[in-house]
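Inside the fold
Spelled out, the chains give:
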Amino acid sequence: MKKEDKQQFTLRITQANSTQLVVILYEMLLCYLEDAAEALAEDKETKGEPDSFREAVRKARGCLNELIGSLHMQYEPAPALMQLYLFCIRRLALGEQRRDDGILDEVRKVIRPLCDSYRQLAELNSDGPVMRNSQTVYAGLTYGRNTLTENMADQGTNRGMLV
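Let me sum up the structure you'll find in this document. (Residues numbered from 1 in each chain as written. Predicted model: local features only at pLDDT ≥ 70, side-chain atom pairs only at ≥ 80, totals over all residues. Heavy atoms only, no water.)

A look at the nonpolar core
For the record, the criterion: Put simply, a nonpolar core is a bunch of buried Ala, Val, Leu, Ile, Met, Phe, Trp, Tyr and Cys residues held in one set by side-chain atoms that sit within 4.5 Å of each other. The cut-offs for exposure are 20% and 50% of the maximum accessible area for each residue type, with area from a 1.4 Å probe on protein chains only; residues under the lower value are buried, those over the upper are exposed, and the others partly exposed. Every helix listed is a DSSP run of H or I at least four residues long, and every strand listed is a run of E at least two residues long, numbered separately from the N terminus. Every residue pair with non-hydrogen atoms within 4.5 Å of one another is taken to be in contact.
Grouped together as the largest cluster of nonpolar side chains are 40 residues, with contacts concentrated most on Tyr26, Leu64, Tyr85 and Ile111. Among the elements of the structure, helix 2 (18-46), helix 3 (51-69), helix 4 (78-98) and helix 5 (101-124) are those that each provide at least two residues to this core. Considering each element in turn, this core owes the most residues, 14 residues, to helix 2. Every residue in contact with Tyr85, bar those within four places of it in the chain, is listed here: Tyr26, Leu64, Leu67, Ile68, Leu71 and Leu114.

This is the structure in structure tokens:
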């Protein structure tokens, strides 16, 4: 994941409600799967160590573990989602062992429809951001050509902390 992607995800997390956070986790998972596929292709070309591939798969599993942790098992469809997440974790472990990008595609085929579904749900959720008292970010075009700047308002000492 590129530095710009991390910054964008961080910004979105500070402004997201609970449903949007799930969407962000799915998007991060898909991003890590893409990183793993790219690293695997690069490792095969250079015959190098698969460290970057393993790291991307580890981070993808971390996203799945967060998704599992966010489930409320007393409500539907949490048990079905749990089974899908566990399936993806098992497939990622097998893909890491075999260094098979076809298995990464299988996981993507499971996650993409879920991500799209949660995007639709996020549009219906009108709750405010989960994080209270976070920085307000204003973005806009400046006088520079095609330059986007972000200005942080209220950069006090209690960022993200309630006083």
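Overview of helix 5
Where we set the bar: Here the expected length of a helix is defined as 1.5 Å per residue gap, with one fewer gap than residues. Any pair of nitrogen or oxygen atoms within 3.5 Å is treated as a polar contact; in protein, a donor-acceptor pairing is required on top of that, and neighbouring residues in sequence qualify only through side-chain atoms on both sides.
Given a rise of 1.5 Å per residue, 24 residues ought to cover 34 Å, and the 35 Å separating the end C-alpha atoms of helix 5 matches this to within 8%. Residues of helix 5 that are buried include every one of Ile103, Leu104, Val107, Arg108, Val110, Ile111, Leu114, Cys115, Tyr118 and Ala122, and no others. Between the side-chain oxygen at the start of helix 5 and the backbone nitrogen of Gly102 there is a gap of 2.8 Å, and the oxygen is on Asp100.

Topic: the side chain of Asp35
Our working rule: Charge assignment: positive for Lys and Arg, negative for Asp and Glu; neither His nor the chain ends contribute. A pair is scored as a salt bridge if a Lys or Arg side-chain nitrogen falls within 4 Å of a carboxyl oxygen belonging to Asp or Glu.
Structurally, Asp35 is set in helix 2. Despite its burial, Asp35 pairs with no opposite charge; the closest candidate is Lys2, at 6.7 Å N-O. Discounting chain neighbours no more than four positions away, the residues touching Asp35 are Met1 and Ala56.

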